[in-house]
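Residues per chain are reported as follows:
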Amino acid sequence: MKTSHSLFANVVTASALAAALTPQPARSQAAPDQATQLPTVEVTASSVERTYAPAEATSATKTDTPLKDLPASVQVVPKEILQDRGVTRVSQMVENVSGVRAESSYGGNGATFFNIRGFTTSNSLRDGFRNYGYFTYRDVQAIERVEVLKGPAGALYGGVGSVGGYINTVSKRPFDVQAGEFSITSGSYGLLRPTLDWNQPLGDDVSLRLNSAYEHNDGYRDRSGYDAFSIAPAIKWDITDDTTLLVLLEYNRLEREAFDFGVPNLPGYTRFPRKGYYGLPHDYGVNETYSASLILEHEFNDNWKLRLGGHYTYGTQDSTQTFPDNYLYEGGDILPFTSYLDVSEEATDFSVQAELLGSFETGAIKHSLLVGTEYSYLNDGGSPNDRYTFNMSLSHPGRISDYGYSSTSGGVRRAQAQTFGIYLSDLIELTPQWKILLGAREDWFFNETQTWNKETVQKADEARFSSRAGLVWQPVDATSLYFSYGKSYIPNINHSSSNTIYDAEKGEQFEVGIKQDLIKDRLSANLAVYDLTREGVLVSDPTDPENLIQTGERRSRGIELDLAGEIAPGWKMIASYAYTDTEVVSDTVLPVGQPLSNVPLHSGSIWTTYQIQSGALKGFGLGAGLYYTGDREANLPNTYELPAYWRTDATVFYERDNWKFQVNFLNVFDRDYYTGGEAGAFNYTLDPSQPFSVQASITYKF
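Calculation criteria
Residues numbered from 1 in each chain as written. Predicted model: local features only at pLDDT ≥ 70, side-chain atom pairs only at ≥ 80, totals over all residues. Heavy atoms only, no water. Helix = DSSP H or I, 4+ residues; strand = E, 2+ residues; numbered from the N terminus. Buried < 20%, exposed > 50% of the residue type's maximum accessible area, 1.4 Å probe, protein only. Contact = heavy atoms within 4.5 Å. Areas by Shrake-Rupley, 256 points an atom, 1.4 Å probe, with all protein chains shown as cover. Pairing = 2+ DSSP bridges. Core = buried A, V, L, I, M, F, W, Y, C linked by side-chain atoms within 4.5 Å. Axes fitted to C-alpha atoms, helices over the stretch in contact; angles between N-to-C directions. Phe/Tyr/Trp six-rings, centres within 6.5 Å; stacked < 30°, edge-to-face > 60°. Lys NZ or Arg CZ within 6 Å of the ring centre and 35° of its normal. Polar contact = N/O pair within 3.5 Å; in protein donor to acceptor, adjacent residues only side chain to side chain.

**Student:** So what exactly am I meant to see when it comes to the overall build of the protein chain here?
**Tutor:** Check the secondary structure of the protein chain and you find four helices and 39 strands. Taking all 702 residues of the protein chain together, 54% fall into the buried category. In the protein chain, the proportion of contacts linking residues at least 24 apart, taken out of those at least 6 apart, comes to 66%. Put simply, the protein chain shows about 28300 Å² of open surface, and 58% of that area lies on carbon and sulfur atoms.

**Student:** I'm lost on the pairing of strand β26 (residues 523-535) in this one. Help?
**Tutor:** Residues in a regular strand point their side chains to alternate faces of the sheet. Here 13 bridges tie strand β25 (residues 505-519) to β26, and the two strands are oriented antiparallel to one another. Considered in β26, the bridge of V512 is made with V529. Linking β25 to β26, which pair antiparallel, is a turn of three residues; within it D521 sits at a positive phi near 65°. For β26 and strand β29 (residues 553-568), the ladder comprises 13 bridges, and the chain directions are antiparallel. The residue bridging N526 from the neighbouring strand is D562, located in β29.

**Student:** Hey, could you run me through the sheet that holds strand β38 (residues 685-688) in this one?
**Tutor:** Strands pair in a sheet through their backbones, by hydrogen bonds, and they do so in one of two ways: parallel or antiparallel. Judged by pairing direction, the sheet is antiparallel, and its three strands sit side by side in the order β14-β38-β37 without closing on themselves. Pairing within the sheet leaves two strands with one partner each, and these edge strands are β14 (263-264) and β37 (674-675). Taken together, the two bridges between β37 and β38 define a ladder with antiparallel strand orientation. Across the sheet, Y674 pairs through a bridge with P688, a residue of β38.

**Student:** Which parts of the structure should I look at to understand the nonpolar core?
**Tutor:** Proteins that are soluble and globular tend to have nonpolar side chains buried together. Counting 21 residues, the largest nonpolar core has M93, V94, V100, V146, V148 and I167 as its most contacted members. Breaking this core down by element, the ones donating at least two residues are α3 (79-85), β3 (113-116) and β7 (143-150). With three residues, the single largest contributor to this core is β7. Beyond its immediate stretch of four places on either side in the chain, M93 contacts V77, L82, R85, V87, F114, V140, I143, V146 and T169.

**Student:** Teacher, can you tell me more about the sheet that holds β7 here?
**Tutor:** Reading across the sheet, the five strands line up as β1-β7-β8-β5-β6 and stay open at both edges, with mixed pairing between neighbours. Every interior strand has two partners, whereas the edge strands, β1 (74-78) and β6 (129-132), have only one. In this sheet, adjacent strand axes meet at a mean angle of 30° when their direction is disregarded. Here β7 pairs with strand β8 (residues 165-171) via seven bridges, running antiparallel. Residue I143 lies in a different strand from β8, and its bridge partner there is S171.

**Student:** For this particular structure, what's the right way to read the packing of aromatic side chains?
**Tutor:** One pair of aromatic rings is described through two measures. These are the centre distance and the angle between the planes. Under the definition given, this model contains 30 aromatic pairs. Here the aromatic rings of Y388 and Y405 are separated by 5.5 Å at their centres, their planes lie at 75°, and the arrangement is edge-to-face. Taken as a pair, Y388 in strand β19 (residues 386-393) and Y405 in strand β20 (residues 400-408) lie far apart in primary sequence, 17 residues in all. Here the aromatic residues Y106, F113, Y132, Y134, F259, F261, F323, Y340 and Y684 are joined through ring pairs into a cluster of three or more. Over the aromatic face of Y674 sits the side chain of R274, whose NZ or CZ is 5.0 Å from the ring centroid. One residue, K515, lies across the ring of Y482, its end atom 5.4 Å from the ring centre.

**Student:** Help me out: how do you make sense of the environment of Y377 in this one?
**Tutor:** In this fold, Y377 is placed in strand β18 (residues 365-382). For the pair formed by Y377 and Q416, sequence separation is 39 residues and the distance between their alpha carbons is 7.6 Å. With sequence-adjacent residues up to four places away left out, Y377 is seen in contact with R130, T348, D349, F350, Q416, A417 and Q418. Among the polar contacts made by the side chain of Y377, one reaches the side chain of Q416 at a distance of 3.1 Å.

**Student:** Honestly, unusual backbone geometry in this entry has me stumped. Any pointers?
**Tutor:** The omega torsion of the bond from L636 to P637 falls at 5°, within 30 degrees of zero and hence cis. Mapped onto the fold, P637 is located in the loop between β33 (632-633) and β34 (641-642). Of note, the phi angle at R223 is positive, near 60°, even though the residue is not glycine. Locating R223 in the fold gives a position in the loop between β11 (206-217) and β12 (226-238).

Written as structure tokens, this is what we have:
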């Protein structure tokens, strides 16, 4: 990775120039009335950023409806939690949310897969638009908050994500006051990460915000080092008093020393060297992601608004990668592998939306209406590549034999999907205590498989209707009891070895729950009980993991508890618990009754911080977190388990004037554990845990 030092130099230079060129408040030539208003605006912004429990999220209805009025389980992880925990990777973002966790990614490429209520998703949302997740990713520096909507939501988003739920990463957006911060983090295993967040009004109507990050990391495993760079400019233009245009741009580049899948997912995996690289010396990986979103909003009056949006993402991955062929394993110390040379993959994801939002009354009944239409296009594929097979010693990674040419991939290497949908959602307030949410969406899916040079092999199209309904009863202002039902259809753009296009996957869920304000406007809890089924699941063929098969029905039943907020001034907490009971209900290949892989029956977390509010030690704070994952099956069909584990993190920090000093301790007790993937994605490897690590950061706000 010869570009790492130049990248770092460019980032540091750009950050220094930005700080130097940014107007300082002390030198402001603003009019007196503007100067007196400035502190009020800053206090308001700060109060929003500092909360652990935001009252609203856009994911569930695409409106600013209070969470307590929604018959759905929605959790929000604001920027402050990410900062307090020292989060630097997307895979860490949702560790404080019940029933949600990161899974093994595609060779360490940062495009993390998530498991929600027992089911894997490779797609997520970025500002309400689909974000195809196999190798397109984003840096956490550009993210303002993370919204997790659990269960099928096809009535709103159509064929995005998984029936388990959706993770929406909301970008940082410009605002009307000059502000910024520069931070640099250094830590174990060669971690060096400078970041910049700079907001600057450009006159009365235009504001610019720039977020950027660079990271160098040597990695805690052999050949797991990488260099990453991200830059995310955003522009807000108030065209008129009623019309606003928002432009969100982002570029990410990740250069990996190798293509690290971890260790093979086989019985006796603990005897494999945890740091060993199970690949070849010429393996590598380079990812680039380009993303752009345009959102135009026009308010006709206080009750009606038009929103037009478009999103484009183009992602590439160039690599040489080595896979373990677990299905050929016969025991002992030798495992067959396949190496794929000079793999070139790309994905283009494009969508446009037009939505009308309004509030009106029919007699004494109040309505919050959303009517929308969406067109989306996804093209995912790659070029042919040579394949070589060999045998490797599991106890001595890198010791190989029988290396030789196997084949050149060809045939179908590209999948194309187009979707057109129309949708409607209405939150109906019958009385201040009773509310109903109704939603419906009709989608037309057009799928096509192609050869690598875009020659059409197979076409198919289908129409699917998704729906949802929910009821909320609020006997008192602090309590919301709810029931919800949802059904979604998700197109399968992947294809089989025989070029078959699969039917859309179906998800259906029933949920009841209670939302409770434990301390008004400060501390809230959400308890949910659900029954979720998934039909038409695509999984790797147990006899040939390069190919996929469409299986029968799976079910997940569970109980989830989430609690977040401020217990007392300066004392914040977020906690979660999940009981997730999964099983194969019907199938032609997999054993019926077995639980799904990588889904613990019990899991939970708690993270809390306290900052002294007055006195000589004002600004000093401490924090700690405890994370638990129970026993879970390592594979499907089930042959062995991954054991339960506890992990402890901690932090100490001090804020004074414009400076903040923070030290984070990860995996304090150096616990050894392994994480894997659900049967539908990368279930043939396991990721060893990161050992005890320390990272220290200094932040200056200007």
